[in-house]
Amino acid sequence: MVRYGTCITVTNDLSHIDKKLVNQVFIKLRYRIINGESHFFKNSKKIFLDMSGIILDCDLMRYRNSGLYHYCLNLGNYVNRHLKNDGKEEISFYVPPAEAGTFESNKNCIVERKWHHKLFKPFLWNCDIWHAPFQSGRIVPSVNSKTKVLLTIHDLNCLHEDTTAKQRRLSLEHTQKLIDRADALVCISHHCKKDVLGNLDTAGKPVYVIHHGTHHVSNPPATPIGYNPAKPFLFT
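These lines cover the structure that appears in this document, whether it is placed above or below. Only a predicted model underlies this, so the values are computations on that prediction, with no experimental measurement involved. (Residues numbered from 1 in each chain as written. Predicted model: local features only at pLDDT ≥ 70, side-chain atom pairs only at ≥ 80, totals over all residues. Heavy atoms only, no water.)

## Focus: the overall build of the protein
Counted only if it meets this: A run of H or I in DSSP becomes a helix once it reaches four residues, and a run of E becomes a strand once it reaches two; helices and strands are each numbered from the N terminus. The rule is simple: take the accessible area with a 1.4 Å probe, protein chains only, and divide by the maximum for that residue type; under 20% is buried, over 50% is exposed, in between is partly exposed. Residue contacts are counted whenever heavy atoms from the two residues lie within 4.5 Å of one another.
Counting its secondary structure elements, the protein contains 5 helices and 7 strands. Its helices and strands taken in sequence order, the protein reads α-β-α-β-β-α-β-β-α-β-α-β from the N to the C terminus. In the protein, buried positions account for 48% of the 236 residues. For the protein, restricting intrachain contacts to residue pairs at least 6 apart in sequence, the fraction spanning at least 24 positions comes to 58%.

Have a look at this one:
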């Protein structure tokens, strides 16, 4: 298994990550779905014996030059690579139309359509767990849906940046609505978890800390491979 929920910027080398943490999140979610072990899973009686029915919301991949684009891309590729090696069913990705061919396992991509939000969402019929990967994003499954939700919170920067009281209030209110809909939370640091527990109501839901992954950076070439100035110069 892989450490699902880890923020990965541009990465292929994540062998150092503690892969047992995914069991603390998804396997516990799955176990509770199967057995109805807690108050927010008690009405769910479906039995899922593999990792099918998990969807990562990649809505933020519409912004190609953002860190969250690479977070979704590399996280999805890394998780499915390990699931495939373990002979398990891969997760799916809910992607903008422009990113339908971006992942290594493009057969797992569910292309977002406007009518999904106006009519119905057939991709949720067999969705066991929905991963909402950002605290300022969205959660597609409705409140009364059988689908369980994992929310990743990267930060509460509104508490530490130079923002107005109104901006802080609106940001925290939005994140609180996502927490209210979620069944489990992942914070990317203990500092983030402390902010969440101190400023928002998690209602006793499980909160896991899974740190960001790191990425491999290639060594720079010995000499420039592009334009090589003929003589020294000064940028102004």
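## Quick notes on the pattern of salt bridges
Keep this limit in mind: Criterion for a salt bridge: a side-chain nitrogen of Lys or Arg within 4 Å of a carboxyl oxygen of Asp or Glu.
On inspection of all chains with the given rule, the structure shows 9 salt bridges. Where Glu-173 meets Arg-169, a salt bridge forms, and the shortest distance between an N and an O atom there is 3.3 Å. Residue Glu-173 and its partner Arg-169 are located together in helix 4 (residues 165-181), separated by 4 residues, close to a single helical turn. Through salt bridges with shared partners, one network takes in Asp-57, Asp-59, Arg-62, Glu-112 and Arg-138.

## Observations regarding helix 4
The condition is simple: A helix is expected to span 1.5 Å multiplied by its residue count minus one.
For helix 4, which comprises 17 residues, the first-to-last C-alpha distance of 25 Å matches the rise-based estimate of 24 Å (1.5 Å per residue) to within 8%. Those residues of helix 4 not exposed but buried are Leu-172, Thr-175, Gln-176, Leu-178, Ile-179 and Arg-181.

## Some remarks on the packing of aromatic side chains
Inclusion rule: Note on aromatic contacts: the rings of Phe and Tyr and the six-membered ring of Trp form a pair at centre separations within 6.5 Å, being stacked when their planes are under 30 degrees apart, edge-to-face when over 60 apart, and tilted otherwise.
The final tally for this structure, using the stated rule, is 7 aromatic pairs. Consider the rings of Phe-123 and Trp-130, whose centres lie 6.3 Å apart with planes at 35°: the pair is tilted. In textbook terms, an aromatic cluster arises when at least three aromatic residues are bridged by ring pairs, as seen for Tyr-94, Phe-123 and Trp-130.

## Comments concerning helix 5 (residues 190-199)
This is how it is decided: Note: the arc covers the axis-to-C-beta directions of the helix.
The set of residues buried in helix 5 consists of Cys-192, Asp-195 and Val-196. Burial along helix 5 is one-sided: seen end-on, the buried residues are contained in an arc of 95°. What points out from helix 5, more than 90 degrees from its buried face, is the exposed set His-190, Lys-194 and Gly-198. On its buried side, helix 5 packs onto strand 5 (148-153), helix 4 and strand 6 (184-187).

## A few points about the side chain of Asp-59
Here Asp-59 is to be found in the loop between strand 1 (54-57) and helix 2 (67-85). Discounting residues that sit within four places of it in the chain, Asp-59 has contacts with Tyr-94, Pro-96, Glu-112 and Arg-138.

## Side note on the environment of Leu-151
Relative to the assigned elements, Leu-151 resides in strand 5. By relative accessible area, Leu-151 is classed as buried at 0%. As for Leu-151 and His-131, which are separated by 20 residues in sequence, their C-alpha atoms are 6.0 Å apart. In contact with Leu-151, not counting residues within four places along its chain, are Ala-132, Phe-134, Gln-135, Leu-178, Ile-179, Ala-182, Ala-184, Leu-185 and Val-186.

## Notes on the sheet that holds strand 4 (residues 129-132)
Strand pairing in a sheet is mediated by backbone hydrogen bonds. Such pairs are either parallel or antiparallel. Heads up, the condition is: Any two strands between which DSSP finds at least two bridges are classified as paired. Every angle, taken between N-to-C directions, lies between 0 and 180 degrees, and every axis is a line fitted to C-alpha atoms, over only the stretch in contact when it is a helix.
One open sheet accounts for 7 strands, arranged 3-2-1-4-5-6-7; its pairing is parallel. Of all the strands in the sheet, the pair left with one neighbour each is strand 3 (109-111) and strand 7 (207-209). Adjacent strand axes in the sheet meet at a mean angle of 25°, parallel and antiparallel pairs treated alike. Pairing geometry for strand 5 and strand 6, over 4 bridges, is parallel. Bridge assignment links Leu-151 to a residue of strand 6, and that residue is Leu-185. Together, strand 1, strand 2 (92-95), strand 4 and strand 5 form the strand contacts of helix 2, whose direction differs from that of strand 1 by roughly 160°.

## Some points on the nonpolar core
Under the convention used in this document: By nonpolar core is meant a set of buried Ala, Val, Leu, Ile, Met, Phe, Trp, Tyr and Cys residues that side-chain atoms within 4.5 Å join together.
One finds Phe-123, Trp-130, Leu-151 and Ile-153 to be the most contacted residues of the largest nonpolar core, which totals 25 residues. Going through the elements one at a time, strand 4, strand 5, helix 4, strand 6 and helix 5 are the ones with two or more residues in this core. Membership of the second largest hydrophobic core comes to 20 residues, among which are Leu-56, Cys-58, Leu-68 and Leu-73.

All quantities given are derived from atomic positions and should not be read as evidence of function.
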